[in-house]
Every structure is written in C-alpha cells, then in structure tokens.
Amino acid sequence: MAEETIFIQNATSDTPIQQIQQLLKGKDRIERVLIDTDDGEMKIEFDEKKICLKSIYSLLKENNFYIQR
C-alpha cells in the first residue's frame, strides 16, 4: 500500500472535499482519503499495484480539481 500527500487548490470547503472523497473512494484501488480543509492537503492511501499516482492525478484533473505543486 502506498501513501501520498497532495495539495488540492480548490479543496478548502465541504462541497469539493465531499466530491473528491466520493470520486476517489469509489475506486476499489484507493483505500483511504483524508483532506484538511485549512490548506487542501489530501493524504491518500492506494494500492500501487492496481493504480498509479499519475492516474489519480489525471482523475482529479478530469474532474476540475487543481493540484498544487
């Protein structure tokens, strides 16, 4: 199981956070999603044998969530 921290620019209120959690938790390869409303910090646990981080980034971008780098 891999763990990654990602900062999502527009994930600082309840609605986008709920959307992200539903989007990612709907995938069987993603075990856990925690998002801090103060700064959009998202900690994600996923099975790296079934999904790569690049695919997670793409899924977020396709749904209009912007990753801060």
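Here, every reference points to the structure presented above.
Since this is a predicted model, take the numbers as computed values, not measurements. (Residues numbered from 1 in each chain as written. Predicted model: local features only at pLDDT ≥ 70, side-chain atom pairs only at ≥ 80, totals over all residues. Heavy atoms only, no water.)

(A) Representation of the pairing of strand E1 (residues 2–8). Note that E1 and strand E3 (residues 41–46) share 6 bridges and pair antiparallel. Looking at the pairing, Thr 5 lines up with Lys 43 of E3. Of the strand pairs in this sheet, E1 and strand E4 (residues 67–68) are connected by 2 bridges, and their pairing is antiparallel. By the bridge assignment, Ile 8 is partnered in E4 with Ile 67. (Pairing = 2+ DSSP bridges. Helix = DSSP H or I, 4+ residues; strand = E, 2+ residues; numbered from the N terminus.)

(B) Region of interest: the nonpolar core. In this structure, Ile 8, Ile 20, Leu 24, Met 42, Ile 44, Ile 56 and Leu 60 are the most contacted members of the largest nonpolar core, which totals 20 residues. Of all the secondary structure elements, the ones that give two or more residues to this core are E1, helix H1 (14–25), strand E2 (30–36), E3 and helix H2 (53–62). Not counting residues within four places of it along the chain, the set of residues in contact with Ile 56 comprises Leu 24, Ile 30, Ile 44, Phe 46 and Ile 51. (Core = buried A, V, L, I, M, F, W, Y, C linked by side-chain atoms within 4.5 Å. Buried < 20%, exposed > 50% of the residue type's maximum accessible area, 1.4 Å probe, protein only. Contact = heavy atoms within 4.5 Å.)

(C) Spotlight on unusual backbone geometry. Its identity as a non-glycine residue notwithstanding, Asn 64 has a phi of 65°, on the positive side. Here Asn 64 lies in the loop between H2 and E4.

(D) Quick peek at H2. Inspection of H2 places Ile 56, Tyr 57, Leu 59 and Leu 60 among the buried residues, and these make up the whole buried set. The buried residues of H2 occupy an angular sector of 160° when the element is viewed end-on, so they sit on one face. Away from its buried face by more than 90 degrees, H2 exposes Lys 54 and Glu 62. Contacts made by the buried residues of H2 are with E1, H1, E2, E3 and E4. Just beyond H2, the residue with positive phi is Asn 64, at close to 65°. (Arc of directions from axis to C-beta.)

(E) Quick look at the sheet that holds E2. Across the sheet, 4 strands lie side by side as E2-E3-E1-E4; this open sheet has antiparallel pairing. Bordering the open sheet on either side are E2 and E4, each of which pairs with just one other strand. Inspection of the sheet shows E2 paired to E3 by 6 bridges, in the antiparallel sense. Paired with Val 33 across the two strands is Ile 44, which belongs to E3.

Keep in mind these numbers describe shape, not what the thing actually does.
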